[in-house]
Amino acid sequence: MQKKVTVVGAGHVGATLVQRIAEKRLADVVMVDVVEGVPQGKGLDLLEAGPVLGYDSKVIGTNGYDETAGSDIIVITAGLARKPGMSRDDLLAANGDIVKKVAQETGRRSPYAIMIVVTNPMDVMAYVAMKASGFPRERVVGMGGVLDSARFRTFIAMELGVSVENTHAFVLGGHGDSMVPLPRYSTVAGIPITEIMSAGQISRLVERTRNGGAEIVALLKTGSAYYAPSAATLEMVEAMLLDKKKILPCSAYLEGEYGVKGAFAGVPVKLGAKGVEQVVEITLNAEENAAFIKSVDAVRAGCAKFM
Ligand SMILES: NC(=O)c1ccc[n+]([C@@H]2O[C@H](COP(=O)([O-])OP(=O)(O)OC[C@H]3O[C@@H](n4cnc5c(N)ncnc54)[C@H](O)[C@@H]3O)[C@@H](O)[C@H]2O)c1
């Protein structure tokens, strides 16, 4: 039977994700948005691309939730996007209300689904979604690390003039200004970048990665990045639908791992059909650990507003 994915928020990230899921023939998709006509229009448009591109995935757009029942995966992209000069944290209150409602509405219609939270500030919104849905921690995961790592990989490949496919990178911690890119665990054809780049080069790339979202916001002027964010979310959707057991940096609710109890943070996790099947613990040195804990503290401060 064809799998079913619900994407809430038919904006830039949501609609592009739906397009990617359909084009990869991964699942039927239900796209939900509050704006009347937009999910229906984009859904029909995507359906009409099927004959040309050769996919049979059903794409339905709706303003309600009944059509989402029985979904395998629910992706939450609903909310407000960052505007120039606006930090991720400015979005906290407004998006908290939206994500709470979305998690409740989708969660009760698809009680066995896995939720992927994209809406910013993502780690806090993942916490809101977990609380509001009552889902176990294995089935609520945030998208941030895959995107941040993809940005880091892009910059590494550009710097060294190598294929992006040769690159591998880990960016952990909160998906915000305090994210923690880990050069020691970032490699080119298996070689740690610390062996082939100078400290100066690395810190320049780390800084650009940290500002990766803001760099795009400043260029676009209205709205924020969505091609790479939707691609990153697709990788997570695919890993779970196909039970790939893929290790990816994602935001997971920690219960003692990395010395953190009771907070979402970006860590390497194994994604499969059951959701977050394992939190993979890697050794952090003192400096990395301090940066990691600092970024978790920033997430905790945001979550405190929803306790
Ligand atoms: N985690 C990440 O790495 C990452 C990356 C990119 C964007 N984001 C975040 O994802 C979110 C979406 O970004 P975007 O560029 O697609 O924004 P967008 O404005 O294009 O789309 C958001 C959509 O959500 C809809 N919406 C608002 N309230 C809703 C509700 N209550 N129910 C259903 N739909 C609702 C809006 O009508 C809009 O269509 C933002 O919060 C953005 O900051 C996160």
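To keep things clear, this report deals only with the structure shown in the data block. Note that this is a predicted model, so its numbers are computed, not measured.

Calculation notes
- Residues numbered from 1 in each chain as written.
- Predicted model: local features only at pLDDT ≥ 70, side-chain atom pairs only at ≥ 80, totals over all residues.
- Heavy atoms only, no water.
- Helix = DSSP H or I, 4+ residues; strand = E, 2+ residues; numbered from the N terminus.
- Rg over C-alpha atoms; globule rule 2.2 N^0.38 Å.
- Buried < 20%, exposed > 50% of the residue type's maximum accessible area, 1.4 Å probe, protein only.
- Areas by Shrake-Rupley, 256 points an atom, 1.4 Å probe, with all protein chains shown as cover.
- Lys, Arg positive; Asp, Glu negative; His and termini not counted.
- Charge placed at Lys NZ, Arg CZ, Asp CG, Glu CD.
- Pairing = 2+ DSSP bridges.
- Arc of directions from axis to C-beta.
- Contact = heavy atoms within 4.5 Å.
- Axes fitted to C-alpha atoms, helices over the stretch in contact; angles between N-to-C directions.
- Parallel < 35°, antiparallel > 145°, perpendicular 65-115°, else oblique.
- Left-handed = near helix turned anticlockwise from the far one by under 90°.
- Nonpolar A, V, L, I, M, F, W, Y, C, P; charged D, E, K, R; others polar.
- Phe/Tyr/Trp six-rings, centres within 6.5 Å; stacked < 30°, edge-to-face > 60°.
- Lys NZ or Arg CZ within 6 Å of the ring centre and 35° of its normal.
- Near = heavy atom within 4 Å.
- Polar contact = N/O pair within 3.5 Å; in protein donor to acceptor, adjacent residues only side chain to side chain.

### What about the overall build of the protein?
Step number 1: Check the secondary structure of the protein and you find 10 helices and 14 strands.
Step number 2: In terms of overall size, the protein behaves like a compact globule, its C-alpha atoms giving a radius of gyration of 18 Å where 307 residues would be expected to give roughly 19 Å.
Step number 3: Each of the three principal axes of the protein carries a C-alpha extent, and together these read 50 × 45 × 40 Å.
Step number 4: In the protein, buried positions account for 52% of the 307 residues.
Step number 5: Total accessible area computed for the protein in this model is approximately 13400 Å², and 54% of it derives from carbon and sulfur atoms.
Step number 6: Averaging the locations of the 33 positively and 33 negatively charged side chains of the protein gives two centres separated by 2 Å.

### Observations concerning the sheet that holds strand S11 (residues 191–192)
Step number 1: Pairing is antiparallel across the open sheet formed by 3 strands, whose spatial order is S7-S10-S11. Either end of the sheet is taken by a strand with one partner, and the two such strands are strand S7 (167–168) and S11.
Step number 2: Examined bridge by bridge, strand S10 (residues 187–188) and S11 share 2 bridges and lie antiparallel to one another. Its bridge partner being in S11, threonine 187 is matched across the sheet by proline 192.

### Here we look at helix H8 (residues 212–220)
Step number 1: Considered for burial, the residues of H8 that qualify are Gly212, Gly213 and Val217. Projected down its long axis, H8 shows its buried positions confined to an angular sector of 135°, all on one face.
Step number 2: Where H8 is buried, its residues touch helix H5 (145–160) and helix H7 (199–210).
Step number 3: Just downstream of H8 lies lysine 221, where phi reads positive at about 70°.

### What to know about the packing of H5 against H7
Step number 1: As a packed pair, H5 and H7 sit with axes 9 Å apart at the nearest point and diverge in direction by 140°. As the angle between them shows, H5 and H7 are arranged oblique. Crossing handedness for the pair H5 and H7: right-handed. Where H5 abuts H7, its residues Asp148, Arg151, Phe152, Phe155, Ile156, Met158 and Glu159 lie against Gln201, Arg204, Leu205, Val206, Arg208 and Thr209.
Step number 2: Split by residue class, the contact of H5 with H7 holds 6 nonpolar, 2 polar and 5 charged.

### A closer look at the packing of aromatic side chains
Step number 1: Going through the model one piece at a time under the given rule, you end up with 4 aromatic pairs.
Step number 2: Considering the side-chain rings of tyrosine 226 and tyrosine 227, the 4.6 Å spacing of their centres and the 35° angle between planes classify their relative orientation as tilted.
Step number 3: Owing to a relative accessible area of 55%, tyrosine 227 belongs among the exposed residues under this scheme.
Step number 4: Ring geometry for tyrosine 253 versus phenylalanine 264: centroids 5.4 Å apart, planes at 55°, classification tilted. One end of the pair, tyrosine 253, is in strand S12 (residues 246–255); the other, phenylalanine 264, is in strand S13 (residues 261–272), with 11 residues separating them in the sequence. Note on accessibility: tyrosine 253 and phenylalanine 264 belong to one class, buried.
Step number 5: Positioned above the aromatic ring of phenylalanine 135 is the side chain of arginine 139, whose terminal nitrogen or guanidinium carbon lies 4.6 Å from the ring centre.

### Some words on the packing of helix H3 (residues 92–109) against helix H4 (residues 122–133)
Step number 1: At a minimum axis distance of 8 Å, the contact between H3 and H4 shows a crossing angle of 35°. At the point where H3 passes H4, the crossing takes the right-handed sense. Here H3 contributes Leu92, Asn95, Gly96, Val99, Lys100, Ala103 and Gln104 to the contact with H4, which in turn contributes Val124, Met125, Val128, Ala129, Ala132 and Ser133.
Step number 2: Its residues assigned to classes, the contact of H3 with H4 shows 8 nonpolar, 4 polar and 1 charged.

### With respect to the site of the ligand
Step number 1: Near the ligand there are 25 residues, and of these His12, Val13, Asp33, Met143 and His175 occur at the shortest range.
Step number 2: Take glycine 79: an N or O atom from its main chain is 3.3 Å from an oxygen atom of the ligand.
Step number 3: Taking asparagine 120, its side chain carries an N or O atom lying 3.1 Å from an oxygen atom of the ligand.
Step number 4: In isolation the ligand exposes 860 Å². Once the protein is present, 87% of that is buried.
Step number 5: Mapped by element, the contributors of at least two residues to the shell around the ligand are helix H1 (12–23) and H3.
Step number 6: A class-by-class count of the residues in the shell around the ligand yields 15 nonpolar, 9 polar and 1 charged.

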